[in-house]
Amino acid sequence: MNIYVLLKRTFDTEEKIVVSDGRIEDESAEYIINPYDEYAVEEAIKQRDEHGGEVTVVTVGDEESEKQLRTALAMGADKAVLINTEDDVEDGDQYTTAKILESFFEDKEADLILAGNVAIDEASGQVGPRLAESLGINYVTTITALEIDGESANIDKDVEGDVEKIETALPVLVTCQQGLNEPRYPSLPGIMKAKKKPLEELEIDDLDLDEDDVEAKTETIDIFLPPEKEAGKVLEGEIDDQVKELISLLKNDAKVL
Amino acid sequence: MDFELTKEQTMIQKMVREFAENVIKPRAIEIDKEALFPLDIFEQMGELGILGIPFPETYGGSGGDTLSYAIAVEEVGRVCGSTGLSFAATVSLGASPIYYFGTEKQKETFLRPMAEGRALGSFGLTEPNAGSDAGGTKTTAVEDGDDYIINGEKCFITNASFAKTIIVTAVTGKNNRGKNIISAIIVPTDTKGLTVTSNYDKMGVRGSDTAEIVLDNVRVPKDNLLGDPQKGFSQFLYTLDGGRISIAALGLGIAQGSLEKALSYAKERKQFGKPISNFQAIQFKLADMAMEVELARNIVYKAAWLKDHDKPFSKEAAYAKLYATETAFRAANQAVQVHGGYGYMREYEVERYLRDAKLLEIGEGTSEVQRMVIARQLGC
């Protein structure tokens, strides 16, 4: 089976976001594999171990993204592709990424493409579905189970806490939700072997694309942090009085009743 | 010069840190309190290849370098001194001598299970009357046909109750100047006549196994002799030099953990209406701790780097061991002080860091012995 994973390098979840001059400061930030994409890498490895084939991890990013690709290789992926847009794309959006990936996948015969449900940075959840649309293949988002049997895939899809059972045919693109699996730690021998695994680097030129072809369809107007939470108020006194005060506050101050 | 870690070293650091945070840290208080050796944690570390970092793949290892190994010990030590100590001892003292000096057959039989993480190892050097003075070793190994018969006693041996093999040092004869020849012999722990008891009630590193060994007519094949019988002593010295880097790395981890705990507590704890990190008395402590931790890291990494590049590292390993373990003790002590009364309580963990750090100034060559080693390197 020909398995592909779409991977994004994102801010570490423990990183504090600092905004200055309308930009997020990323100078000293730590980066990780987008946690939802880790589920995708894990699932790809499991499916390959069960059905055979090869796992290729693809990212659209810059030089630094190699670290996250190497980590995926250390977990057990076979090959990695870095589509480096550092010199060609200034402010890409989901359209940009999907368009680049569309060109990349044109001559690939993918049986299964896995992506994260969303990236934790911008959380659009669009790249996977857009890519599937443009490739003309089936897609299922937020999956929590995947069974492949020959040419068909049986999938559990998380729908706001409920489960939808879906049967579909390969090739298929899925986006992975928490609960699908428990991503493994890359083992030490895995880490050492990762440096010998193939990592191909491409630019959009190699995919016969121009800067104009992938120009963002959206424009970011402003970036700001949510207002700081104000200190809460603890009511005191007899319970009956507290209840009365609470109702009055909810009615008159908060105006929610 | 290049102070950057390689991609592999960075990945190993990240992986071991995550493992330590998720698997070891939640158990650290219990491991110390109950003095329970966390065998299951070692099984998981073995499966992930952490126990085989500095050994090549041909012997079942992970094919990493000394620096990667030191980084891994640091990350484990940052959350649990007990687990860190047993990790450092099995790799540096149990397995490494076989890798350095063993025959192909010994490597296949004894090193492979350890490098693959399926077995733990020990090094039996210390005796009731021979510690830093290894020349005072009383244990003897007498030739008998194709075997050695070993008699003697060893004490304070890390991991011995859980080890598959113990490398035992013993007197095998006298040289032409009438001095004892001390050799190292690999003794499987299931050999008849070998008794391991673990009754020590320790101040710190309580979850790391420490045992006494009695060897009563223990018979092992002569094939188990490790390395050159005439050069036993210089072999231990090389082994101990390597071991010092790992104990230094463990001290670095404890110092780093102490700093992090003190810093986060100082930012949270409010007195006189503001976080105590606003007071210079506390700031100066934190500044000193941070500086010393970074200096310790530099010398630990340098010693490991020298070893990886086949350069002499004896002096730097002693610098690293001495400085990093004393830094660990100072940092843990200050961390308790910054925490005040809470720091004295087990729940806040820094008192454990202090008890664990104390051992590092004693084990694998006391601070005083490190100074002797350094002085000797200076030509004194």
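Thresholds, definitions, all that
- Residues numbered from 1 in each chain as written.
- Chains lettered and ligands numbered in written order.
- Predicted model: local features only at pLDDT ≥ 70, side-chain atom pairs only at ≥ 80, totals over all residues.
- Heavy atoms only, no water.
- UniProt positions renumbered as here; feature names shortened; annotations may be inferred.
- Salt bridge = Lys/Arg side-chain N within 4 Å of Asp/Glu carboxyl O.
- Helix = DSSP H or I, 4+ residues; strand = E, 2+ residues; numbered from the N terminus.
- Buried < 20%, exposed > 50% of the residue type's maximum accessible area, 1.4 Å probe, protein only.
- Pairing = 2+ DSSP bridges.

Chain B appears in an unreviewed UniProt entry as Acyl-CoA dehydrogenase from Lentibacillus salicampi. What the UniProt record of chain B gives under Cofactor (unreviewed entry) is the line "FAD".

Chain A is annotated in an unreviewed UniProt entry as Electron transfer flavoprotein subunit beta from Lentibacillus salicampi. What UniProt states about chain A under its Sequence similarities (unreviewed entry) heading is, verbatim, "Belongs to the ETF beta-subunit/FixA family." In its Function (unreviewed entry) section, the UniProt entry covering chain A states "The electron transfer flavoprotein serves as a specific electron acceptor for other dehydrogenases. It transfers the electrons to the main respiratory chain via ETF-ubiquinone oxidoreductase (ETF dehydrogenase)."

1. Concerning the pattern of salt bridges
Residues and elements named next belong to chain B. Within this structure, the stated rule accounts for 43 salt bridges over all chains. Here R219 makes a salt bridge to D144, at a shortest N to O gap of 2.9 Å. With a gap of 75 residues between them, R219 in strand β7 (residues 210-221) and D144 in strand β2 (residues 140-144) connect regions that are remote in the sequence. Three or more residues joined by partner-sharing salt bridges are found here, namely R17, E21, K25, E75, R78 and E260.

2. What about the pairing of strand β12 (residues 172-176) of chain A?
All names here are of chain A. Counting buried residues in β12 gives five out of five residues, a clear majority hidden from the surface. Burial along β12 is two-sided: the residues V172, V174 and C176 and L173 and T175 are all buried. With five bridges connecting them, strand β8 (residues 112-116) and β12 associate as parallel partners. In the strand pairing of β12, L112 is matched with V172. Two strands pair when backbone bridges link them, and strand β9 (residues 138-149) and β12 are joined in this way by four bridges, in the parallel orientation. Residue pairing for β12: I143 is matched across the bridge by C176.

3. Description of the pairing of β7(B)
All names here are of chain B. When strand β3 (residues 147-158) meets β7, the two strands line up antiparallel, connected through nine bridges. Opposite I150, over in β7, you have V218 as the bridge partner. Here strand β6 (residues 194-197) pairs with β7 via four bridges, running antiparallel. Bridging from a neighbouring strand, L194 pairs with L215 of β7.

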